[in-house]
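Here is what each chain is made of, one letter per residue.
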Amino acid sequence: MKRQVSIGLAVVLLLAVVAVIIWGRGDDTAQGGDLTTVRGVIGSEKQAFFTDQRVVDAFARHGLKVDVDTAGSRQIATTVDLGKYAFAFPSSSPAAQKIQRDRKVTTVYTPFQSPMAIASFEPIVALLKANGVVHKGAGDYDVLDIAKYLDLAKARTRWDQLPGNTAYPARKNVLVTTTDPRESNSAAMYLSIVSFVANGNTVVSTPDQEAKVLPAVSKLFLDQGYTQNSTEGPFEDYLSAGMGKTPLALIYESQFVDRVVRGDGSIRPDMRMLYTAPTVYSKHTLVPLSGDGDKVGQLLTTDTELGKLAATSGFRTTNPQLFADIAAQAHAPADLVDAVEPPSFETLERLLDAVGKQY
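Residues numbered from 1 in each chain as written. Predicted model: local features only at pLDDT ≥ 70, side-chain atom pairs only at ≥ 80, totals over all residues. Heavy atoms only, no water.

Draft legend 1. Structural detail: the nonpolar core. The biggest cluster of nonpolar side chains holds 71 residues, and the ones touching the most others in it are Leu-128, Leu-144, Tyr-149, Trp-159 and Tyr-238. Considering each element in turn, this core owes the most residues, nine residues, to helix α8 (residues 185-198). If we skip the residues at most four places from it in the chain, Tyr-238 touches Ala-119, Ser-120, Phe-121, Thr-246, Ala-249, Phe-256, Met-271 and Arg-272. Core analysis: the next-biggest nonpolar cluster, separate from the first, contains 23 residues, Phe-50, Val-55, Leu-64 and Phe-112 among them. (Core = buried A, V, L, I, M, F, W, Y, C linked by side-chain atoms within 4.5 Å. Buried < 20%, exposed > 50% of the residue type's maximum accessible area, 1.4 Å probe, protein only. Helix = DSSP H or I, 4+ residues; strand = E, 2+ residues; numbered from the N terminus. Contact = heavy atoms within 4.5 Å.)

Draft legend 2. Local environment of the environment of Thr-51. You can see Thr-51 is positioned in helix α2 (residues 47-51). The exposure class of Thr-51 is exposed, given its relative accessible area of 52%. Separated by 150 residues in sequence, Thr-51 and Asn-201 place their C-alpha atoms 39 Å apart.

Draft legend 3. View of helix α7 (residues 146-154). Within α7, burial applies to Ile-146, Tyr-149, Leu-150, Leu-152 and Ala-153. Taken down its axis, α7 places every buried residue within 160 degrees of arc, on the same side. Exposed and facing more than 90 degrees away from the buried side of α7 are Asp-151 and Lys-154. If you follow the buried residues of α7, they end up packed against β6 (142-145), α8, α9 (207-222) and β8 (271-277). Where α7 begins, one side-chain oxygen reaches toward the backbone nitrogen of Ala-147, 3.1 Å away; that side chain belongs to Asp-145. (Arc of directions from axis to C-beta. Polar contact = N/O pair within 3.5 Å; in protein donor to acceptor, adjacent residues only side chain to side chain.)

Draft legend 4. Quick look at unusual backbone geometry. A cis amide bond links Ala-277 to the next residue, Pro-278, at an omega of 5 degrees. Considering the arrangement of structural elements, one finds Pro-278 in the loop between β8 and β9 (279-288). The backbone of Lys-104 shows a phi angle near 55 degrees, a positive value even though the residue is not glycine. Tracing the chain through its elements places Lys-104 in the loop between α5 (93-103) and β4 (109-121). Phi is positive for Arg-156, close to 55 degrees, though the residue is something other than glycine.

Shown next, in the form of C-alpha cells:
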C-alpha cells in the first residue's frame, strides 16, 4: 500500500513539474516569442525611456519589441545608414525635416518635446537676479535673460567681477556650460537661442545674418574650453560636482524633471532650474521608414500608457495634462510663452560647421 501511495505521489509531482514547464514556456511565448522586432536609431537622451521595462512591456502588449541604437541628431540626419532601421527619431525638428525630405516620407510624429533649460543653484540664481540677468518669467518660474547674458559674455565678465558677489567669487568667465557643438543636439539648440537674440530677436536665415552673429556665438563655446559630447555629461557634473564646477549647465528640461520624479535624492534642496528667455523646444520627431516604424510612431503619439510613461520621464507629450500632473512635482510651468523656432537645418548646419572650424 505504501509503495502504491509513493508511486502515485511521484506521478502527481512529475505531472505538476511538466505542467509548470509547459506553462512557463507558454508565458515566455506570449511575452516575447510572437513579438515583431522593430529597430530604430534615436537621440541618446531617449535611451532611458526606451529601455525602461515598463515601456518595453507596453510595446510588447502591442506585439512589438523595439530595439534602438543611439546617435547624435546631426549624425542621424547626415551620416547614419538609415537603410537598416524602421524609424529614425532625432531630437531636433530640423534634422527630422532633412530626413523626411531625403527619404521622401510624407508622415512624421512628434510624440513629445522638451524645452531647453539651465540647471543652477539658489546662490547663483540670487546673484544673477541682483545683477538683472535672471528675472521672473510669464509664470511662477525664473528665466535667464539671454540678451543680458550675452552682454556679460561679450565683456568677458568674470564671476568675481559681479557687484555684491560673496556667494561665488570664482575667477572664471560667466558662461553656461554646454556640450560640443560639433556633436550634440543640445548645443545646436543653444546655438539656435543665442543666434536668435544676437540677430536682433530674429531667426537667422541668410548668409549675411550668419556672418553677423558668428563672432558673438562662437565665443560662448570656445571660451568654455573642453566640452562633452552628450548632455548627460554636464548634467552629471552638475549633480555630483556641484556649484564649484558647474554653476550654470545647459540641459533638457526633461532631465531635471525626470530626476525630481524619481525621488532618488540627486536633486538637492539648493538646486534650481531656470529657463532661457527666449527658449527653444527640442522637438523629438519620429520619421517612420517602414510600416512597423510607423506603428511605433502611432503608439508613442496615441497610446495613453506610453504617454504617461513619457511624461514620467520628464517629456512634454501631446496630451498637456499628462505632463502637468508630473511637472507640479518639479515646479515646472505647464506652458512657456517665450519660445522661438530654430533656424532651418541648412542654416544651423552652416553655423555649427563654422563654429566647429574655430576649435
